Amino acid sequence: MKKKRRYAIAYSVLVALLLLLLGLNICIGSISIPFSDIFRNFTGQEIGETEHNILMQIRLPRALAAAILGGALGLSGYLLQTFFHNPIAGPFVLGISSGAKLAVALVMVFLLGNAVKISSAALILAAFVGAFISMGFVLLMAKAVDKMSMLIVSGVMIGYICSAITDLVVTFAEDADIVNLHNWSQGSFSGISWENVSVMAVVVAVSSILIFCLAKPIGAFQLGEGYAKTMGVNVGRLKVELVLLSSILAACITAFAGPVSFVGIAVPHLVKQLFHTAKPIVMIPACFLGGGTFCLFCDLLARTLFAPTELSISTVTAVFGAPVVIVILLQRQGEKE
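Residues numbered from 1 in each chain as written. Predicted model: local features only at pLDDT ≥ 70, side-chain atom pairs only at ≥ 80, totals over all residues. Heavy atoms only, no water.

### As for unusual backbone geometry
Put simply, the rule reads: Secondary structure elements follow DSSP: runs of H or I no shorter than four residues count as helices, runs of E no shorter than two count as strands, and numbering proceeds from the N terminus. Relative accessibility under 20% of the residue-type maximum defines a buried residue, over 50% an exposed one, and the middle range a partly exposed one, all with a 1.4 Å probe and only protein chains included.
A positive phi angle is found at phenylalanine 262, which is not glycine, with a value near 70°. Mapped onto the secondary structure, phenylalanine 262 falls in the loop between helix H11 (235-257) and helix H12 (263-275). Here histidine 276, not a glycine, exhibits a phi torsion of approximately 60°, which is positive. By relative accessible area, histidine 276 is classed as exposed at 57%.

So this is what it looks like as structure tokens:
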């Protein structure tokens, strides 16, 4: 009963924070929109045309994107940490986000440079290919090295290589249609349209449902591959599913918002501390809520801290996420000693 009560309280806190930050992201900005105007807008009453356009075309899509993609980041990090049995594995650290970023940048430069319109599906597909290739390199390195620390270093190096190539692409891209490519490559939730929101919502929802269906096999896998096999889990297939689903989520995030750092590492760890459990059936929805809350908070700071100048989302997430990684490393060192 104590566990159930703790879970209920923790879920209530996450949902309340998510809704609160969603509201603050919609209300706060260069032009403040009172909550009463938001309520009137959604109940069919008239508000100022400027406020209506800002609310419906800029802030609401952006806030929903931050919540959806933040949740996807939290889930992707949880899957990778489960797969590698390492608390600092994540799409950004392992270079998966950087691979997706490189593929999307190349597609944007090539297609936009030839006056070809890019759909959301094309961006996600390109990001998935890039993420999957980077994940392939990481898996090859996992077979070649024995220590997990070497695997993490290899992932970081893969990320640096992909980022360097992306920077070269951005540097020599002169077409007027890709002037925002550099800003996108730094990570941002700005410029999100309702079409983008609908596509990402479908992709993330389907992926999240599939992940939740894998909760029981993941729980067995956490106790070791040998135990999972005795429980009837097809470990080989489960690993493929974990890789594919985490790559799809990382690709969706990168396609729309660029690479966002440290969320995939920090959120699963913070959620575990909040719930005092690593059970997948609890962690999967909790990581989604935690990721959405974390990204909404960071995006609010990115927009308002130095307004009208907007920070890249990765700058803010790194400030709050990097200390969590340091704490994880110190805890692991303390456990070894």
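### Brief notes about the packing of aromatic side chains
Selection criterion: For this analysis, a ring pair means two rings from Phe, Tyr or Trp (six-membered ring only for Trp) whose centres lie within 6.5 Å, classed as stacked if their planes differ by under 30 degrees, edge-to-face if by over 60, and tilted for the remaining angles.
According to the stated counting rule, one finds 5 aromatic pairs in the structure shown. Between the aromatic rings of tyrosine 7 and phenylalanine 275, the centroid separation amounts to 6.1 Å while the plane-to-plane angle is 40°, which identifies the pairing as tilted. On the criterion of sequence distance, the pair formed by tyrosine 7 in helix H1 (residues 2-27) and phenylalanine 275 in helix H12 is long-range, its members being 268 residues apart. Using a relative accessible area of 15% as the deciding quantity, one classes tyrosine 7 as buried. On the basis of relative accessibility, which here comes to 1%, the residue phenylalanine 275 falls in the buried class. A centroid spacing of 4.9 Å and a plane angle of 65° characterise the contact between tyrosine 11 and phenylalanine 275, whose relative ring orientation is edge-to-face. Taken together, the residues tyrosine 11 in helix H1 and phenylalanine 275 in helix H12 connect sequence positions 264 residues apart. An aromatic cluster is defined as three or more aromatic residues linked by ring pairs; in this entry it consists of Tyr7, Tyr11 and Phe275.

### A closer look at the side chain of serine 98
For clarity, the cut-off: Contacts are assigned to residue pairs that have any heavy atoms within 4.5 Å of one another.
Along the polypeptide, serine 98 turns up in helix H4 (residues 96-113). When residues no more than four places from it in sequence are discounted, the contact partners of serine 98 are Gly159, Cys162 and Ser163.

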